[in-house]
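# Topology and contacts: notes
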Amino acid sequence: MTAWTVMLRGIRYRAGRSFVVFLLATTATTAAVLAPAYSRAAQQSVLTDGLSAASTDATGLTAGAKGTADSAAFKDLAEIRLAMNTALAKDQLLADRLDLPVAAIDTEISFGDTGAKLAYRDNACYHLTIDGACPDDPGQIVVSKRTATARDLKTGDHLTVHLGPSTGGRDKTFTISGLYTPTDADAAYWGRTSYFNASDSTADALFSMTEDDLRLERTATLATRLEYPLRADRVRLDDVAGLRTGIQTLGDRLRGEELELTTALPAVLRDIDADQASIGRTAPVIAVPLLLLCWFVLFLLVASLTEERAPEIALAKLRGYPSGRATRFGLGEVLLLIVAAVPAGIVAGLLLVQVAAGTLLADGVGVEVRWPVFAGAALALAAGLAAAVLAGRQTLARPILGLLRRVPERGGRRAGVADGVVVALAAASLAAAANDRGSPLALLAPPLLAVVVGVAAARLLGLWSQARLRIARRRGRIVPLLSAAQLSRRPGGRRLVVVVTVAVALLTFAATAWDAAGQARRDTADDTVGAQRVLTVAADHPSALEAAVDRADPGGHSMAVVRASQRFDNAPVELLGVQTGRLADVAVWRGHARADVGDIAARLHPDVAAPLRLGKDVTAEISVDALPAKPALRVAAVVAAPGQPPRTIGLGGLGKGTRSYHASLPACGNGCRLVGLAIGRAAGGSEPFAVSVVVRGLSSEGAPLAPAFDLAGRWRARPGAAQVSVRTGAALGVDVSGSDPSDAVVEHVDTPEALPAVLAGGAPTDDAAAATFKLPGFSDQPQPFTVAARAGNLPRAGRRGVLFDLDYATRMAERGASLADNGSLRYEVWAAAAAPADLDRRLASAGVQVLRTETIDGQLEQLARRAPALGLWLYLLAGGVAILLAIGVVLLTAYVGVRARLYELAALRAAGVRSGQLRRAVFREYRALLGVPLVVGLGAGLLGAMVMLPGIPLVTVGVASPITWELGMGALPVAVAAIVAGLAAAVLMALRLMSRATPERLRDGAA
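One structure accompanies this document, and this report is about it. (Residues numbered from 1 in each chain as written. Predicted model: local features only at pLDDT ≥ 70, side-chain atom pairs only at ≥ 80, totals over all residues. Heavy atoms only, no water.)

## A short note on the overall build of the protein chain
The number of helices and strands found in the protein chain is 27 helices and 31 strands. Per-residue burial for the protein chain yields a buried fraction of 52% across its 1007 residues. Intrachain contacts of the protein chain at a sequence separation of at least 6 include 79% that bridge at least 24 residues. A total accessible area of about 43400 Å² is found for the protein chain, and carbon and sulfur atoms account for 56% of it. (Helix = DSSP H or I, 4+ residues; strand = E, 2+ residues; numbered from the N terminus. Buried < 20%, exposed > 50% of the residue type's maximum accessible area, 1.4 Å probe, protein only. Contact = heavy atoms within 4.5 Å. Areas by Shrake-Rupley, 256 points an atom, 1.4 Å probe, with all protein chains shown as cover.)

Right, here's the structure in full:
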């Protein structure tokens, strides 16, 4: 027979053991293939998710210009399209990953006192529901139904609009061909341009389908552009470098055509790079413990199998086999199985990655077969062959008499040296990881710690067994004697302890890390989003947003939020103005119960005077006993319209006696607020004067106001150069003296003196613990704040921010600033779970355009596909495979060499040892072999988690998340239950196998 025939027959004869070798070698190859294949798929998933999650305007490309007739903004869209097509023809990679462009032109216009956009957008009529006809002909437009209702317009009317600057430009009359409603105002088609944001002073966009209608006035400022959405599903990892280069080159080419390329895609790709790099570093490191465990188990298996075949090898040597041929005879089967496992391991690894891609990763992500996959398989093959040769070398090198011995050799000095080397390497690696727990090496620390603990446990178990053996001998106790003898004489038992300890610790750490990361992701999602649903919107000003939210959700399950950012000590401070009356029902504020939030909200909204709301006029009844000869004086009302800066409206010249002073307020049809009363010179100048007036009453549209002149502090003098004093009573007395040319103003106090706020982080002042501070709120001027409460974090603002009442903050800002043109304000609507499902459509109907929607569940889904979570998935998988390997090793110790073990037990039976005593002895043996590493492994895994998790990014790359995890139902209890069940099943199988040790086995002389 040839050597091949002998090996194949040996594999068939030892089918069960051969299958175990093949399975372990396949597992090792699978682990080696899994790291590069999974890493590649996870990086692609992060890229796809990152591009899909970014807004369309961030990832897309916009090519165009903005300006008057002397700029490229007045070019025909066909010219811009031709320039783009010519440039993209030289970069096919970029061209293939861009979708069809949307051409757009818009310019600011006005009609009456209303501002609006006149817009052209490709195929706009397909995205509008029009009552009437699409404006296909020149001079035709469509107007939104909302604007038509507010301005009393209808189909067929002629509307004259002003094009160009207010001091120049020209008027153009358009015919209204129809009234429209946007089919989906939040669709990506509309880009980031706010077309549908009608308010008291603005109208929704007017659409024309004729480009030249927008170019009628050469002094008008046009924004002309082509918007190219990015096809995120087409962008692969290999495309990223080409995209970066292509965008840079395309921008350079377009500048030669006087066009500007605008995109945030390079910045989005830079943000994604961090996650991709983290996966590329950590995935191979996570696979290392599994690979080493596979090779170690393979080493144990080959050593045991070779030891079992020692008599056959001895016979081969007795028949004259030379050393090399005897080695091939002893190891040929194993080496052949290891080689045969390589293709199976490659297929298994790729299939496993494909399953992971379908369940864990982004849509459209699949396995990619690339050279690192085959390099990993080659590494696994080389390591497997080396492990097999090293495992069999000691047995093959023994003399013939040593090979024929039935009693296993004791572990010698070399085992102790090997243990010492392992401990030294593990200690060095742990020390290196301790210096930087955030490095990929930190992920090796838990299994290395388990190795150290496992080796120590194995050595201690051996010493304990020897001590128990001596005690049992003296006392003559059979069961402890037999179990202790087996534990002390078999070096394979100590190796089993190490393997089980490492496997249990690996899975325990992975499960604990997964549970902690899951809680950290939940906390991060709650903190980042701030409510079950958050809609980023475009609004004219805070009051307009509050009114829109009240109309869209009268049930109070949503609230308006206005955000701004300020800086103090070179660090950002996030400002949040919220509707405090709805805060407890809407916000998700981690660490705060609903009652606590309600109490905080009450402190943020102390009782103050209601604002004095005005209609279309204002009247003041004022008495003056004496007037100076010079100068002539006047009285005025300081009025603030929502979102607008305060205006001083003259009520008339002051005269002696009691008079009514009146002014019309045509711009206040929807409600203005009386900020205060002003007294000053009628014709300017700086002559000193002194006057005393008594304000007896205030009214609007014939209805008296409630100024509460008798309440102290309700009216106060605004700081200025003039000396002003206020006297309370049934009427308000005001004494003014001075020579300052500006008016003396007496304000109605309808806000707290200092705005109560919840502060996260230190106070933005020199004293971080200060109870009061000043900071610009919604205006440029610093305003006073008082700390009503402190918190570790604020919803959606993090660990450094200020949260306060939106209404009070708006009133304070409107005393001296315009909020309608404050571009630093960001508008949001936070919605609870009970909020209307169609809240976005209701807000659009109320004149607020929804730009983006975020949810806690959506944020969780995104975080679950970030680099830390994907790495922990691989770690969890490695831990599960490690436990399967440990169970396999337990069965290995039971089945390999089972004939010799059964022979020994049968001999003991024949010597008079009862079968029950033998079963108890075997059970005690396995209880020690598995119970010790189970307890030690669980402790090592938990200890590794306690030490390493605070320094390992669990949610975001480069950021170590605070650990708030508590033991509960999660991956860890499931992992512990699986470990215990698997090891118990292995022990039951071993005990059942030992039941075959009957005295009859001695008759056939089986060894």
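## Considering the state of the cysteines
Scanning all chains against the criterion turns up 1 disulfide. Linked covalently through their sulfurs, Cys 125 and Cys 134 form a disulfide whose S-S length is 1.9 Å. Note on the Cys 125 and Cys 134 pair: the S-S dihedral is about 80°, so by sign convention the disulfide is right-handed. Judged by its relative accessible area of 21%, Cys 134 falls in the partly exposed class. (Disulfide = S-S within 2.5 Å.)

## Description of unusual backbone geometry
The general pattern is negative phi for most residues beyond glycine and trans for most peptide bonds. We note that Asn 123 has phi near 55°; this positive angle belongs to a residue other than glycine. Residue Asn 123 is classed as partly exposed on the basis of its relative accessible area of 45%. Positive phi, close to 55°, is recorded for Glu 701, a residue that is not glycine.

## Brief notes about the packing of aromatic side chains
Here the structure, examined in full by the defined rule, presents 15 aromatic pairs. Pairing Tyr 195 with Phe 207 gives two aromatic rings, centres 5.5 Å apart and planes at 45°, and the pair type is tilted. Taken as a pair, Tyr 195 in the loop between strand E7 (170-182) and strand E8 (206-207) and Phe 207 in strand E8 lie far apart in primary sequence, 12 residues in all. Residues Tyr 195 and Phe 207 agree in their burial class; the two are buried. (Phe/Tyr/Trp six-rings, centres within 6.5 Å; stacked < 30°, edge-to-face > 60°.)

## Focus: the pairing of strand E9 (residues 222-228)
Burial of E9 is extensive: 7 of the 7 residues sit out of reach of the surface. Burial along E9 is two-sided: Leu 222, Thr 224, Leu 226 and Tyr 228 facing one way and Ala 223, Arg 225 and Glu 227 facing the other are all buried. Judged from the 7 bridges that link them, strand E1 (residues 61-67) and E9 form a sheet pairing that is antiparallel. When the bridges of E9 are listed, Leu 61 appears paired with Tyr 228. (Pairing = 2+ DSSP bridges.)

## Notes on the layout of surface pockets
Considered as a void within the structure, the second largest pocket measures approximately 1400 Å³ in volume. Taken together, the elements giving at least two residues each to the lining of the second largest pocket come down to helix H2 (15-53), helix H3 (56-59), helix H9 (265-308), helix H17 (491-529), strand E31 (849-855) and helix H23 (856-863). In terms of residues, the lining of the second largest pocket owes the most to one element, E31, which gives 7 residues. Taken together, the residues of the lining of the second largest pocket break down into 17 nonpolar, 16 polar and 10 charged. (1 Å grid on protein atoms, 1.4 Å probe; cavity = no way out; pocket = protein on both sides within 12 Å on 5 of 7 lines; lining within 4 Å. Points joined across faces, edges and corners; volume = space filled by probe spheres on them. Nonpolar A, V, L, I, M, F, W, Y, C, P; charged D, E, K, R; others polar.)

## Some remarks on the pairing of strand E27 (residues 772-776)
Where E27 meets strand E28 (residues 782-791), 5 bridges bridge the pair, whose relative direction is antiparallel. Looking at E28, one finds that Pro 776 is bridged to Pro 782. Here E27 hands over to E28 after 5 residues, the two strands then running antiparallel side by side.

## Focus: the pattern of salt bridges
Between side chains of opposite charge, a pair can form as their charged atoms come close. Within the structure shown, the criterion is met by 44 salt bridges. Close ionic contact of Glu 227 with Arg 225 constitutes a salt bridge, the shortest N to O distance being 2.9 Å. Each member of the pair, Glu 227 together with Arg 225, is buried. Across the pair Asp 550 and Arg 582 runs a salt bridge whose closest N-O atoms are separated by 3.0 Å. Of the two residues, Asp 550 is situated in helix H18 (residues 542-552) and Arg 582 in helix H19 (residues 580-586); the sequence distance between them amounts to 32 residues. (Salt bridge = Lys/Arg side-chain N within 4 Å of Asp/Glu carboxyl O.)

## Section: a nonpolar patch on the surface
On the surface, Phe 19, Val 20 and Leu 23 cluster together into a nonpolar patch covering about 270 Å² of accessible area. Here Val 20 lies in helix H2. (Patch = residues over 30% accessible without salt bridge, like charges linked within 9 Å, V, L, I, M, F, W, Y side chains within 5 Å.)

## Points about the nonpolar core
Formed by 181 residues in total, the largest nonpolar core has its most connected members in Leu 51 and Leu 206. Here this core takes 21 residues from H17, the largest share from any one element. Residues in contact with Leu 51, not counting those within four places in the same chain, are Thr 59, Leu 230, Ala 232, Val 235, Leu 265, Val 268, Leu 269 and Ile 272. Counting residues in hydrophobic clusters, the runner-up holds 40 residues, among them Ala 548, Ala 770, Ala 831 and Val 850. (Core = buried A, V, L, I, M, F, W, Y, C linked by side-chain atoms within 4.5 Å.)

## Some remarks on helix H8 (residues 240-255)
The end-to-end C-alpha distance of H8, which contains 16 residues, comes to 23 Å, matching closely the 22 Å that a straight helix rising 1.5 Å per residue would cover. For H8, every residue scored as buried is listed here: Val 240, Leu 243, Gly 246, Ile 247, Leu 250, Gly 251 and Leu 254. Buried residues of H8, seen end-on, are gathered within an arc of 135° and therefore sit on one face of the element. In H8, the exposed positions that point more than 90 degrees away from the buried face belong to Ala 241 and Gln 248. (Expected span 1.5 Å × (residues − 1). Arc of directions from axis to C-beta.)

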